[in-house]
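These are the residues of each chain, in order.
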Amino acid sequence: MNITRIFLAAIVAFVAYMGLGFALFALLPSLQTEFRKYPAIYRDHDGQMSHMPVGMAAMLFSLLVLAVLYSFVYQGGSGFFEGARFGVLIGLFAISSFVIHNYVNLNIGLKLAMQQCLIYFLEWLFVGIVIGLIYRPSLPR
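Residues numbered from 1 in each chain as written. Predicted model: local features only at pLDDT ≥ 70, side-chain atom pairs only at ≥ 80, totals over all residues. Heavy atoms only, no water.

Looking at the packing of aromatic side chains
So, point 1. Inspection of every chain in the model, using the stated rule, returns nine aromatic pairs.
So, point 2. Taken together, a centroid distance of 5.8 Å and an interplanar angle of 80 degrees make the contact between Tyr-70 and Tyr-135 edge-to-face. Within this pair, whereas Tyr-70 is found in helix 3 (residues 45–73), its partner Tyr-135 is found in the segment after helix 5 (110–134), the two being separated by 65 residues in sequence. Note on accessibility: Tyr-70 and Tyr-135 belong to one class, buried.
So, point 3. With centroids separated by 6.1 Å and ring planes inclined at 75 degrees, the aromatic side chains of Tyr-74 and Tyr-135 adopt a geometry described as edge-to-face. (Phe/Tyr/Trp six-rings, centres within 6.5 Å; stacked < 30°, edge-to-face > 60°. Helix = DSSP H or I, 4+ residues; strand = E, 2+ residues; numbered from the N terminus. Buried < 20%, exposed > 50% of the residue type's maximum accessible area, 1.4 Å probe, protein only.)

Some points on the layout of surface pockets
Empty space left among the atoms is revealed by rolling a probe the size of a water molecule over them.
So, point 1. Approximately 1,400 Å³ is the volume found for the largest pocket.
So, point 2. Lining the largest pocket are 33 residues, and of these Phe-25, Phe-35, Gln-48, Met-52 and Tyr-120 sit closest to its centre.
So, point 3. Looking at the lining of the largest pocket, the element that brings in the most residues is helix 3, giving nine residues.
So, point 4. Split by residue class, the lining of the largest pocket holds 20 nonpolar, nine polar and four charged. (1 Å grid on protein atoms, 1.4 Å probe; cavity = no way out; pocket = protein on both sides within 12 Å on 5 of 7 lines; lining within 4 Å. Points joined across faces, edges and corners; volume = space filled by probe spheres on them. Nonpolar A, V, L, I, M, F, W, Y, C, P; charged D, E, K, R; others polar.)

Some points on helix 4 (residues 79–105)
So, point 1. The terminal C-alpha atoms of helix 4, which comprises 27 residues, lie 37 Å apart, in line with the 39 Å expected from a rise of 1.5 Å per residue.
So, point 2. At Ile-95, helix 4 shows its maximal kink, close to 35 degrees.
So, point 3. Buried within helix 4 are the following residues: Gly-79, Glu-82, Gly-83, Ala-84, Phe-86, Gly-87, Ile-90, Gly-91, Ala-94, Ile-95, Val-99 and Asn-102.
So, point 4. Buried positions along helix 4 lie against helix 3 and helix 5. (Expected span 1.5 Å × (residues − 1). Bend = angle between axes of the 7 residues up to and from the residue. Contact = heavy atoms within 4.5 Å.)

A closer look at the packing of helix 2 (residues 29–36) against helix 5
Axis angle and axis distance: for two packed helices, these are the angle between their axes and the distance between the axes, and together they describe the pair.
So, point 1. Between helix 2 and helix 5, the least distance of the axes is 10 Å, while the angle of their chain directions is 135 degrees. Judged on the interaxial angle alone, helix 5 and helix 2 are oblique. Crossing hand, helix 2 versus helix 5: left-handed. Where helix 2 approaches helix 5, its residues Ser-30, Leu-31, Glu-34 and Phe-35 are matched on the opposing element by Lys-111, Leu-112, Gln-115, Gln-116 and Ile-119.
So, point 2. Here the contact of helix 2 with helix 5 is composed, by residue class, of four nonpolar, three polar and two charged. (Axes fitted to C-alpha atoms, helices over the stretch in contact; angles between N-to-C directions. Parallel < 35°, antiparallel > 145°, perpendicular 65-115°, else oblique. Left-handed = near helix turned anticlockwise from the far one by under 90°.)

Description of the side chain of Ser-71
So, point 1. Within the secondary structure, Ser-71 is located in helix 3.
So, point 2. Side-chain polar atoms of Ser-71 contact the backbone oxygen of Val-68, separated by 2.6 Å.
So, point 3. The residues touching Ser-71, leaving out its near neighbours within four places in the chain, are Met-1, Ile-6 and Tyr-135. (Polar contact = N/O pair within 3.5 Å; in protein donor to acceptor, adjacent residues only side chain to side chain.)

Topic: the environment of Gly-109
So, point 1. Relative to the helices and strands, Gly-109 is located in the loop between helix 4 and helix 5.
So, point 2. Note: C-alpha distance between Gly-109 and Tyr-38 (71 residues apart in sequence) is 9.0 Å.
So, point 3. Beyond its immediate stretch of four places on either side in the chain, Gly-109 contacts Tyr-38 and Tyr-103.

Next up, the structure:
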């Protein structure tokens with residue numbers, strides 16, 4: 001396990017996750033429109049921004065955990081393909097454990113849930129690829 005690369009992968013993955021999330025929300029204003037249909041469930045922009053530091057810290061920590069998990073499952077292949085495989089698995093996990101779970105428990109529409117499935121899957125695929133491209137195991141001594 002290469003601790004330096006794990007931390008580097010987590011930091012770059014954090015920047016990639018935040019950047020891609022911002023870009024996707026900017027490019028897909030229909031997603032923002034769907035979120036606004038549920039003001040009793042989701043915070044407004046100012047409310048989200050006031051809680052953003054906590055969310056960013058939690059996301060950085062979760063990406064550190066994912067980078068460690070990646071180091072455990074890395075099989076020595078191409079960083080791109082190993083990362084994509086990892087990202088697909090994390091994306092499927094996030095959709096099943098978060099998006100669909102929220103669709104069942106929160107009073108949100110199917111359209112928003114499906115948009116979230118697409119967005120989060122793409123984000124986690126991208127994050128997996130970034131982690132895969134950066135992480136390299138320590139060389140044996």
